[in-house]
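# Breakdown of the fold
Now for the letters of each chain:
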Amino acid sequence: MKLVVAEKPSVMRDIAAVLGAAQKTADGALCGNGYIVTAARGHLVRLKQPEEYNERYKKWSLSDLPLIPDFQFVPVENAASVLHTLSKLMNSSRIDEIIEATDAGREGECIFRYIYDYIGCTKPVRRLWISSMTEASIRAGFTDLKPASEYDNLYSAGFTRSKIDWLWGINLTRLYTSYFGAKCSIGRVRTAVLNMLVQRENEISNFVKRPFYKVKLSNGAEWFDNDVDCLSERIAAEKILEMCKGQPVTVKSIISQSKKENRPLLFSLTSLQIAANDELGFSAARTLSVMQSLYEKKLLTYPRTDSSYLTDDMAEILPGRVEMLRAFEEKAVNVLLSNGLNIDGRIINNAKVSDHHAIIPTENIGNAVNMELTSDEKQILHLVIRRLLEALSAQYEYMDIEYVFDICGETFKLKQKKPVNLGWKALCPDDVEIPPEINCSENDTFYVDDVFITEGETKPPKRYTESSLLKAMENIDRRIEDKELSGYVSERGLGTPATRAAIIEKILADGYAERRNKVISATEMGIKMINFVPPEIKSVEMTAAMELQLAAIQNGTASADEVINSITEKIKAIIEAEKHRTHTPISEPRTAQKIPVGKCPKCGGNVYKFVRVDKDVDREQAKVRQGRRTTKLADDNTSIYYCENAPKSCYFRVYEDDYFFTSKGAKLTESIIKTLLSDGGVKLCGLKAKNTGKPYDAIISFADRTDKNNNPKIGFAMRFEYNPKKGRK
């Protein structure tokens with residue numbers, strides 16, 4: 001009997017359907033045809049925190065640093081029952097072989113291996129490695145299973161990355177917090193990203209605005225002299241204006257050049273996140289969440305890819321895949337198929353595909369027409385469909401025309417781009433500007449309606465949007481002088497496609513940056529923290545050097561132990577050096593910044609956490625809470641999560657000790673509320689049945705309720721992945 005371990009239940013069901021494993025077992029697995037198919041729930045174990053090795057580490061002390069443990073795992077919250085089930089199955093005498101079917105990437109590899117090692121399994125393992133969840137892809141993957149040993153280096157690099165992040169983050173956070181006088185959260189990548197935000201704030205603060213003046217003609221032409229197209233003094237502009245006003249204009253030259261603009265590349269995860277932020281205002285985390293859902297619904301291929309290309313064996317599927325898109329872009333598909341697909345090196349490039357190819361619609365894309373998709377899913381799906389059609393279309397062709405005019409010896413220039421063949425831009429014709437027609441020839445003379453002056457001022461660099469920050473992280477090689485490091489990160493960037501969204505969200509959650517609409521900027525505390533730590537802690541070079549070491553592990557050219565030892569020695573040196581530095585502690589800002597935990601599902605406002613600390617106030621609140629059953633008075637430090645627009649225009653307000661959770665042996669923790677707000681639902685394991693006390697798993701979501709006075713309020717609903725009446729969780 002073969003045991004297939006998927007990363008989550010939805011993938012388990014897809015694989016089981018292909019393998020013919022239709023019989024449901026008491027523990028939630030699916031079996032049949034020689035297979036048992038089960039699932040984890042993402043990460044089920046994590047590295048221990050310092051205090052889990054020794055109670056004394058609860059108190060942060062410089063004398064305890066550096067902390068260098070013999071790394072051990074413990075179950076994540078509410079994972080015990082799932083781990084117990086997996087342990088029984090994986091160590092069962094019925095199982096001859098295990099097939100690892102977690103997501104095909106570094107994170108998926110670590111999820112399985114951590115569980116496998118934690119439960120002490122020794123069964124032989126083969127690896128399923130696929131880029132989409134369609135039936136054809138799953139079948140092909142099972143005919144080409146690889147020995148798990150082929151991915152040992154991938155796992156070693158992933159596990160080493162986790163160890164480095166632990167060592168770097170735990171030790172340096174405790175070190176600099178002790179000296180800083182406030183929480184100083186250090187991360188191997190995120191501190192370098194925060195430094196980029198702070199550098200931009202410094203550039204803006206130090207920027208000195210200067211006025212400039214332009215002299216223009218009513219046909220759009222602007223005065224210029226060699227490379228200078230504006231004047232720093234108004235009096236100079238006025239002299240030119242007086243000289244030219246009412247005088248004849250002579251056409252000195254007209255230069256026309258035929259030019260082409262290549263179509264865009266297919267989407268990688270980062271380029272999709274950039275496009276979604278630019279066009280839809282989506283955060284990187286939101287885009288990744290939607291992409292994961294569309295992947296699990298078999299509509300799009302694997303989301304966590306760094307490639308914008310396909311492999312040569314995929315060229316033959318593209319005409320059929322485009323044909324399937326008629327229901328979405330009928331006109332564009334008809335034009336594209338009649339003109340022929342441009343399947344060239346911008347589409348097919350084996351050398352630029354590592355683990356996974358670019359994101360494209362799967363062969364099941366036609367099913368989307370009849371599926372109930374969310375608004376977010378529809379918008380992301382549209383972006384990916386449009387990008388595939390654009391990438392396969394012809395180039396955009398235009399005439400680049402430069403007119404040069406003369407008035408009394410002063411020169412004016414006008415540039416125009418006139419479309420000749422829209423090509424890929426035909427999918428977004430509104431983005432193509434059609435310039436006004438200018439009917440003239442060289443040496444012609446004419447009069448313009450007006451000559452006038454416009455005034456402006458130089459502008460500082462723009463603050464980062466999530467889109468431009470992602471671009472900067474992806475193109476981090478431009479900030480690195482070391483050629484070896486720069487060359488390594490030139491096609492990889494800072495962080496990975498799968499982690500960049502989480503890095504940005506962590507910086508925001510720590511209060512070191514804030515998001516206002518699309519703009520992300522460093523806060524006062526973020527600026528103070530970056531100014532406090534030494535350059536090596538916040539430099540992109542340091543992060544790139546570590547990434548180079550991790551790549552060497554994955555390529556088999558460096559050992560994990562050697563890399564860990566070098567990082568450990570570096571941390572020891574930093575700790576020793578700080579003993580001899582003079583530190584000036586800072587204080588928190590007088591008004592602590594409120595950090596939102598998410599967006600309100602009712603009005604879109606920020607949701608904040610409020611901690612109650614007064615028992616007497618809590619008693620009064622407990623008496624007047626409408627429509628809530630209260631089993632006991634609230635303890636100190638219980639929390640309320642509320643919308644910033646409540647109670648005036650929104651009624652979103654939920655409690656940590658809500659009876660819905662306490663009656664099931666749980667609490668509405670901050671991590672649960674964040675997942676509910678971002679994903680709309682959260683899977684909780686180990687809830688306790690009210691009457692029997694037996695544990696069960698369920699998916700929790702928000703639900704509209706009313707209190708006894710029929711006023712609207714927020715409640716919760718629960719559903720099961722399987723029908724509990726039939727003995728399935």
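My aim in this report is to walk through the structure given alongside it, one point at a time. Everything numeric here is computed off the predicted structure, so don't read it as measured data.

The rules behind each value
- Residues numbered from 1 in each chain as written.
- Predicted model: local features only at pLDDT ≥ 70, side-chain atom pairs only at ≥ 80, totals over all residues.
- Heavy atoms only, no water.
- Core = buried A, V, L, I, M, F, W, Y, C linked by side-chain atoms within 4.5 Å.
- Buried < 20%, exposed > 50% of the residue type's maximum accessible area, 1.4 Å probe, protein only.
- Helix = DSSP H or I, 4+ residues; strand = E, 2+ residues; numbered from the N terminus.
- Contact = heavy atoms within 4.5 Å.
- Axes fitted to C-alpha atoms, helices over the stretch in contact; angles between N-to-C directions.
- Parallel < 35°, antiparallel > 145°, perpendicular 65-115°, else oblique.
- Nonpolar A, V, L, I, M, F, W, Y, C, P; charged D, E, K, R; others polar.
- Pairing = 2+ DSSP bridges.
- Phe/Tyr/Trp six-rings, centres within 6.5 Å; stacked < 30°, edge-to-face > 60°.
- Lys NZ or Arg CZ within 6 Å of the ring centre and 35° of its normal.
- Salt bridge = Lys/Arg side-chain N within 4 Å of Asp/Glu carboxyl O.

### A word on the nonpolar core
One finds M90, I98, W168 and Y176 to be the most contacted residues of the largest nonpolar core, which totals 95 residues. Ranked by residue count, the leading element in this core is helix α6 (residues 152–180), at 13 residues. Excluding anything up to four places from it in sequence, W168 contacts T173, I186, G187, R188, I537, M542, M546, I567, K570, I571 and I574. Judged by nonpolar contacts, the second largest core, of 37 residues, contains L294, I359, L373 and L381.

### Digging into the packing of helix α4 (residues 106–118) against α6
Between α4 and α6, whose axes approach to 9 Å, the crossing angle comes to 85°. Classified by the angle their axes make, α4 and α6 are roughly perpendicular. Residues R106, E109, C110, R113, Y114 and D117 of α4 pack against D152, L154, Y155, G158, F159, R161 and S162 of α6. Classifying every residue of the contact of α4 with α6 gives five nonpolar, two polar and six charged.

### Regarding the sheet that holds strand β7 (residues 97–101)
Taken together, seven strands build an open sheet; the order of strands is β2-β3-β4-β1-β7-β8-β9 and the sheet is mixed. Looking along the sheet, the strands with just one partner apiece sit at the ends: β2 (23–24) and β9 (146–147). Those strands touched by helix α3 (residues 80–90) are β1 (2–6), β4 (35–39) and β7, and its axis lies near 160° from that of β4.

### Quick notes on unusual backbone geometry
Of the consecutive residues L65 and P66, the connecting peptide bond is found in the cis state with omega at 5°. Structurally, the position occupied by P66 is in the loop between α2 (50–53) and β6 (73–75). For C408, which is not glycine, the phi dihedral falls at a positive 50°. If you trace the backbone, C408 turns up in the loop between β13 (396–407) and β14 (410–421). Phi angles above zero are rare outside glycine, and N517 is one such case at about 55°. For N517, the position within the fold is in the loop between β17 (513–516) and β18 (519–522).

### Concerning the sheet that holds strand β25 (residues 712–719)
Strand order in the open sheet made by the three strands is β23-β24-β25, with antiparallel pairing throughout. At either margin of the open sheet sits one strand with a lone partner, and together these are β23 (681–688) and β25. Averaged over all neighbouring strand pairs, the angle between strand axes comes to 40°, with direction disregarded. Where β23 meets strand β24 (residues 695–706), six bridges bridge the pair, whose relative direction is antiparallel. Residue V682 lies in a different strand from β24, and its bridge partner there is I700.

### What to know about the side chain of R127
As for its placement among the helices and strands, R127 is situated in strand β8 (residues 125–127). Non-local contacts of R127, meaning those with residues more than four positions away in its chain, are made with E100, A101, T102, D103, A104, G105, G108, E109, L145, K146, A148 and Y151.

### Comments concerning the packing of helix α1 (residues 9–19) against helix α5 (residues 135–142)
It is the contact of α1 with α5, at a shortest axis distance of 10 Å, that shows an interaxial angle of 70°. Taken together, the axes of α1 and α5 lie roughly perpendicular to each other. Here α1 contributes D14, I15, V18 and L19 to the contact with α5, which in turn contributes E135, I138, R139 and F142. Split by residue class, the contact of α1 with α5 holds five nonpolar, no polar and three charged.

### Side note on the packing of aromatic side chains
By the definition in use, this model includes 22 aromatic pairs. Ring centres of Y114 and F159 lie 5.5 Å apart, and the angle between their planes is 65°; this geometry places the pair in the edge-to-face category. Taken as a pair, Y114 in helix α4 and F159 in helix α6 lie far apart in primary sequence, 45 residues in all. The burial state of Y114 is the same as that of F159; both residues are buried. Note on F180 and F532: the rings are 4.9 Å apart at their centroids and 55° apart in plane angle, and the pair reads as tilted. With F180 in helix α6 and F532 in helix α17 (residues 524–532), the pair connects residues that are 352 residues apart, well separated along the chain. Neither residue differs from the other here; F180 and F532 are each classed as buried. Counting every residue linked through ring pairs, the aromatic cluster contains F652, F660, F661, F702 and F716. When the ring centre of Y464 is taken as reference, the NZ or CZ atom of R200 above it lies at 4.3 Å.

### Re the environment of R46
Mapped onto the elements, R46 comes out in strand β5 (residues 45–47). A residue is classified by how much of its surface remains accessible, and R46, at 31% relative accessible area, is partly exposed. In this structure the C-alpha to C-alpha distance between R46 and I111, which are 65 residues apart in sequence, comes to 9.5 Å. The contacts of R46, once residues within four sequence positions are left out, are E52, Q72, F73, V74, P75 and V76.

### Observations concerning the pattern of salt bridges
Using the criterion set out here, one finds 50 salt bridges in the structure. Linking D165 and R188 is a salt bridge whose minimum nitrogen-to-oxygen distance equals 2.6 Å. In this pair, D165 sits in helix α6 while R188 sits in the loop between α6 and α7 (190–206), placing the two residues 23 residues apart along the sequence. Between K418 and E437 there is a salt bridge, with the nearest N and O atoms lying 2.9 Å from each other. Here the residue K418 occupies a position in strand β14, and E437 occupies one in the loop between β14 and β15 (445–446), the gap between them amounting to 19 residues. The exposed category is assigned to E437, whose relative accessible area is 56%. Bridged by salt links that share partners, the residues E100, E109, R113, R127 and D152 form one connected network.

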